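Per-entry structural report
The residues making up each chain are set out below.
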Protein chains: 2
Amino acid sequence: MRDDSFHVFDTTLRDGAQREGINLRVSDKLAIAQLLDDFGVAFIEGGWPGANPKDTEFFQRASRELTLRHAQLTAFGATRRAGGKAADDPQVAALRDSGAPVVTLVAKSDDRHVERALRTTLDENLAMVADTVSYLREHGQRVFVDCEHFFDGYRHNPSYALDVVRAAAEAGADVVVLCDTNGGMLPSDVFRTVTEVREATGARLGVHAQDDTGCAVANTLAAVEAGATHVQCTANGYGERVGNANLFSVVGALALKHGRDVLPEGCLGEMTRVSHAIAEIVNLAPDTHQPYVGVSAFAHKAGLHASAIKVDPDLYQHTDPELVGNSMRMLVSDMAGRASIELKAKELGLDLSGDRTLSGRVVDRVKGLELSGYSFEAADASLELLLREEMGRPVRYFGTESWRVLTERRPRKDTSPLTSEYESLTEATVKLTVKGERVIATAEGNGPVNALDRALRSSMEGVYPELARLELTDYKVRILEGSSGTNAITRTLITFGDGAGEWTTVGVGANVVDASWVALEQAFTYGLLRQGYPQE
Amino acid sequence: MRDDSFHVFDTTLRDGAQREGINLRVSDKLAIAQLLDDFGVAFIEGGWPGANPKDTEFFQRASRELTLRHAQLTAFGATRRAGGKAADDPQVAALRDSGAPVVTLVAKSDDRHVERALRTTLDENLAMVADTVSYLREHGQRVFVDCEHFFDGYRHNPSYALDVVRAAAEAGADVVVLCDTNGGMLPSDVFRTVTEVREATGARLGVHAQDDTGCAVANTLAAVEAGATHVQCTANGYGERVGNANLFSVVGALALKHGRDVLPEGCLGEMTRVSHAIAEIVNLAPDTHQPYVGVSAFAHKAGLHASAIKVDPDLYQHTDPELVGNSMRMLVSDMAGRASIELKAKELGLDLSGDRTLSGRVVDRVKGLELSGYSFEAADASLELLLREEMGRPVRYFGTESWRVLTERRPRKDTSPLTSEYESLTEATVKLTVKGERVIATAEGNGPVNALDRALRSSMEGVYPELARLELTDYKVRILEGSSGTNAITRTLITFGDGAGEWTTVGVGANVVDASWVALEQAFTYGLLRQGYPQE
């Protein structure tokens, strides 16, 4: 456990998931939590147990499946219902029973919201805060209180807003977090308000900023300058409406500009990798222009300054990109994958820096593939297959002669495209060479990837019976920028599991079936390798 | 002409064009200048005449082709060469002859850059600033001086940095602009430095912030709070590396938070239109999560708060979206209640409020569809088609009998799945009824969706020639939880555009091709509706 004097608190899995277009599976949430822990955040808010079955399941599985080195899990929930008791409130019970050592309670602190949205009295709201905090403290949990709409409330009725802070702190909340829920504040507002609240209450304060003015990072820093010691952020700034304060930008400023030691040793350099991997999991393109981690963040136009930059990079860069796991880029070439290449090589027991020819070849090949649309950030298995190839030990269990897929759909009752009844058929044929024998297999499936998956299995199951353990568990498709619509390059990520673990492969192609095949072929190859079969 | 006391200075056409991926034609630059003038900026920096033929041509054509109501054109250039005279410098002559009433001169203000990059003496650099400013002033131009790397320079050698500011101001520069060229500053740094420079020199100061810490907007506002009266920004924050201070966010804060009258009457409401139009011209997708102008900037998750928002929008929005030409948007999700559907319908121009049976039916159907995997959050067009169906006015231009798609791939050289050469073919056949006639069409494409798209077009283009205007612009696929892998439900989002706007539809199916078809069929239907065709 880290020293408790400053909290980097991540709420990607709860508030970040409010971003329009993000829809996380439980396994996505577990994978993101693991990445956030790699980055060294102190707290990971996992969701609202009891409010929806997905979040309840997350907390159940987290205790079994996550190995957190740095972070503590935090459950989010609301204060008890008006007119009741915390001890009798089922929602509070779900927080108590979540298994999370820390609970973040959201409380109303703007009198207008208490009266018009919560429809209770100002006093009852204070009682709800005090009662719920005390109850959870008595049950051994640490409690942080998020004061919703705090800055607007403080502007409208400062004395009531302060009463809520005091109620929370006096009942035993360790941190009272001032939230700019509507996101309309500017740094000078935040600095003044946090200073005043700290002086008036003496409570330990945190900050939670939304980015509606484009100032969430600056607002968070302003709060820290005014004495807040707990910052709530989300990876890549994901969040409702415009988004939340970006975890990476906030930590970048605190570590590199304020010189504060807010992450465990060695974690800052994970920033770029973690940022990109989370983007892949939520299925959003990594923001190429994101501070610190974007592929353009340290890209210098050649020409005027090129030679000067070479001699004196410090004169042209606000920080050393290596510190955040990024790199300077002079040309169009893409170095984004380098961090993962080195990590992966290390995992394989290969020090690439020891063999400059080999590492040069790998970097060149990765660059070339990334230029054509590949991304290895979230596709470790593909990268491992590539590394093995370049090391002169290619993995190969079968050869592909050709395949084809037919999909057909015939509506039975043609009403609306949203609800029509139909019959659908997909059929795939693969022609392979397995252990020197030519095999042809045809299978039906509920879609092209499923049919190809089944045809692959049926062609090889006699030779590799352990194939039965392999299961496709996730499948993501992204159309790449550059050209438009279906006339563009498609990238597919496929995740397989075999009970003991999961692996992800990436495929690129002119269309979704092509790209899926490329990923599928690797997923089978890697899966057979994992089962320990000798190669052909 | 506006009162000169505060300058909104735009440099999209010069510094913004440095963004990786932006490449503007002269006609693009002229169109953007016209839009910036619509938005009411006071100065438009058009480029560097003499430095490249495109910028020279821009200034020539601008004087003939642009009708500016609010803005003055500004030419950008450097101080004269070391060891020469401004009067003999061809680059200075190009500025003088540009026809622009205002010149922005870039000057070195960091002693290290003077010595290592410019390779001249500190005194000669001061002489270059003074000589060039005086010369252009004598020729009747107004001069602003951009002090490059000012903040880093001031940190390293404050007395020299101040000498540069004084040299510029004393030679007649109206504004001395402090530039955070490397973008590493935080608002507190900027506030302190601008305050000190103002007190030390008495010069009129401006600010030019890069966004490398994610604080460019806040840095610009901090400079204004410290007394700067000239802000340099770019539309949508375009610029080198991470980008520049976003014009729209800076103006939004100044106008709506500081309450300053920085734009001419009526211009603030142009913000959203101008932002999106400029994005289209530079050929970048408008940022859906951009403050003030993004389509998600005022999007609210439905359910919990929908009824509250209906009564009291001010409690849930940091500003009125109408003020910046944007609008509130309710995201319809599985939490949706009747209130949010009614709001959504109103947004779409359909009135449900009178008919509780109807709105109840819509809510039930939306909930049912969302349970089966649909998500209407990002698919307004699908929701509108559904609403029209439930209102007894279904939209229908064609009926589907059946379709089928065949994809085939045959590696030419079977090396590694990542790099093998192959030939690939996709072919789609659709059987439709269009205006009572049965049509069968087959088309090849680079993938299933593309082939189906082409087959649909080819089957209907005779009857609906405006189909040619429709273009698929984005395509997203998501595998839904519940069951795993390819044995799961697939959700597809398809976005089409017709030049005048974009619409998104959602499809769900047992496989990716099925789901794509459902979205595609709606996208065509909605597109035909938008083109104003009477239904069959």
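Residues numbered from 1 in each chain as written. Chains lettered and ligands numbered in written order. Predicted model: local features only at pLDDT ≥ 70, side-chain atom pairs only at ≥ 80, totals over all residues.

This next bit is on the sheet that holds strand 6 (residues 175–180) of chain A. Residue and element names in this part refer to chain A. Pairing is parallel in the closed barrel, where eight strands are placed in the order 1-2-3-4-5-6-7-8. Going across the sheet, the axis of each strand differs from the next one's by a mean of 25°, ignoring polarity. Here strand 1 (residues 7–10) pairs with strand 2 (residues 43–47) via two bridges, running parallel. Looking at strand 2, one finds that phenylalanine 9 is bridged to phenylalanine 43. In the packing of helix 1 (residues 26–39) onto the sheet, contacts are made with strand 1 and strand 2, and the angle to strand 2 comes to roughly 170°. (Pairing = 2+ DSSP bridges. Helix = DSSP H or I, 4+ residues; strand = E, 2+ residues; numbered from the N terminus. Axes fitted to C-alpha atoms, helices over the stretch in contact; angles between N-to-C directions. Contact = placed C-beta atoms within 7 Å.)

Since there are 3.6 residues in each turn of an α-helix, residues three or four apart along the chain are aligned in direction. All names here are of chain B. If you check helix 8 (residues 187–201), its first and last C-alpha atoms are 21 Å apart, about what 15 residues at 1.5 Å a residue would give, namely 21 Å. Taken residue by residue, helix 8 has Pro187, Ser188, Val190, Phe191, Thr193, Val194 and Val197 as its buried positions. Directly beyond the C-terminal end of helix 8, a positive phi value near 70° is found at glycine 202. (Expected span 1.5 Å × (residues − 1). Buried ≥ 20, exposed ≤ 12 C-beta atoms within 10 Å, placed from the backbone.)

Pairing is antiparallel across the open sheet formed by six strands, whose spatial order is 14(A)-13(A)-12(A)-14(B)-15(B)-16(B). Edge positions in the open sheet fall to strand 14 (502–509) of chain A together with strand 16 (502–509) of chain B, since each of these has one partner strand only. Taken pair by pair, the neighbouring strands of this sheet meet at an average axis angle of 20°, ignoring direction. Pairing of strand 12 (residues 471–479) of chain A with strand 14 (residues 471–479) of chain B, which is carried by three bridges, proceeds in the antiparallel orientation.

All names here are of chain A. The predicted model of chain A averages 88 in pLDDT, with 90% of residues at 70 or higher. Counting interchain partners and residues more than four positions distant, the pLDDT-below-50 stretch residues 331–337 has 15 contacts. For the stretch residues 482–486, pLDDT sits under 50, and the model shows 16 contacts to residues farther than four places along the chain or on other chains. ipTM for the predicted complex: 0.75, alongside a pTM of 0.75. (pLDDT = per-residue confidence, 0-100.)

Moving on: the interface of chain B and chain A. Taken together, the 100 residues of chain B in the interface contact 100 residues of chain A. With 12 residues, the top contributor of residues to the side of chain B that touches chain A is strand 11 (residues 399–413) of chain B.

Bringing the pairing of strand 1 (residues 7–10) of chain B into the picture now. Residues and elements named next belong to chain B. Burial along strand 1 is two-sided: the residues His7 and Phe9 and Val8 and Asp10 are all buried. In the sheet, strand 1 pairs with strand 8 (residues 230–233) via four bridges, with the strands oriented parallel. Within strand 8, the position partnered with aspartate 10 by the bridge is cysteine 233.

Moving on, we get to the domain arrangement of chain A. Residue and element names in this part refer to chain A. Along its sequence, chain A is carved into domain 1 (7–281), domain 2 (306–388) and domain 3 (398–530). Every contact between the two is made by 11 residues of domain 2 and, on the other side, 13 residues of domain 3. Among the residues forming the side of domain 2 that touches domain 3, the class breakdown is six nonpolar, four polar and one charged. (Domains from an automatic or database assignment. Nonpolar A, V, L, I, M, F, W, Y, C, P; charged D, E, K, R; others polar.)

In this section: unusual backbone geometry. All names here are of chain A. The phi dihedral of arginine 119 is positive, around 55°, even though this residue is not glycine. Position of arginine 119 among the secondary structure elements: in the loop between helix 4 (111–118) and helix 5 (122–138). Given 9 C-beta atoms within 10 Å, arginine 119 falls into the exposed group. Unusually for a residue other than glycine, tyrosine 292 sits at a positive phi of about 70°. As for its placement among the helices and strands, tyrosine 292 is situated in the loop between helix 11 (271–281) and helix 12 (306–311). Classification of tyrosine 292 by C-beta neighbours within 10 Å gives buried; the count is 28.

On the UniProt side, "domain: Pyruvate carboxyltransferase" (unreviewed entry) is annotated at positions that read residues 6–272 of chain A here. Secondary structure over residues 6–272 of chain A splits into 44% helix and 17% strand, and the C-alpha atoms at its two ends are 22 Å apart. (UniProt positions renumbered as here; feature names shortened; annotations may be inferred.)

So, on to the packing of helix 5 (residues 122–138) of chain B against helix 7 (residues 158–170) of chain B. Residues and elements named next belong to chain B. Running from N to C, helix 5 and helix 7 cross one another at 20°; their axes reach a closest spacing of 8 Å. By the criterion of interaxial angle, the relationship of helix 5 to helix 7 is roughly parallel. By crossing handedness, the relation of helix 5 to helix 7 is classed as right-handed. The residues of helix 7 that touch helix 5, namely those facing Leu122, Leu126, Val129, Ala130 and Val133, are Tyr160, Asp163, Val164, Ala167 and Ala168. Counted by class, the contact of helix 5 with helix 7 contains nine nonpolar, no polar and one charged residues. (Parallel < 35°, antiparallel > 145°, perpendicular 65-115°, else oblique. Left-handed = near helix turned anticlockwise from the far one by under 90°.)

Below, the discussion takes up the nonpolar core. By size, the foremost hydrophobic cluster in this structure holds 213 residues, and its most contacted members are Val145(A), Ala168(A), Val176(A), Val145(B), Ala168(B) and Val176(B). Excluding its chain neighbours within four sequence positions, the residues that come into contact with Val145(B) are Leu105(B), Ala107(B), Val129(B), Val133(B), Ala168(B), Ala173(B), Val176(B) and Val177(B). Listed in part, the 103 residues of the second largest apolar core include Tyr397(A), Val512(A), Leu470(B) and Val518(B). (Core = buried A, V, L, I, M, F, W, Y, C linked by C-beta atoms within 7 Å.)

With that out of the way, let us pick up the environment of Gln317(A). Position of Gln317(A) relative to the elements: it lies in the loop between helix 13 (313–316) and helix 14 (338–347). Measuring from C-alpha to C-alpha, the distance between Gln317(A) and Pro101(A) comes to 41 Å, with 216 residues separating the pair along the chain. Among all residues touching Gln317(A), those that are not within four sequence positions of it are Phe298(A), Met328(A) and Asn182(B).

The next subject is the packing of helix 8 of chain B against helix 9 (residues 216–225) of chain B. Residue and element names in this part refer to chain B. With their axes 8 Å apart at the nearest point, helix 8 and helix 9 run at an angle of 30° to one another. Taken together, the axes of helix 8 and helix 9 lie roughly parallel to each other. Pair helix 8 / helix 9 crosses with right-handed handedness. Taken together, the residues of helix 9 that come into contact with helix 8 (itself represented by Pro187, Val190, Phe191 and Val194) are Ala218, Asn219, Ala222, Ala223 and Glu225. In terms of residue class, the contact of helix 8 with helix 9 is made up of seven nonpolar, one polar and one charged.

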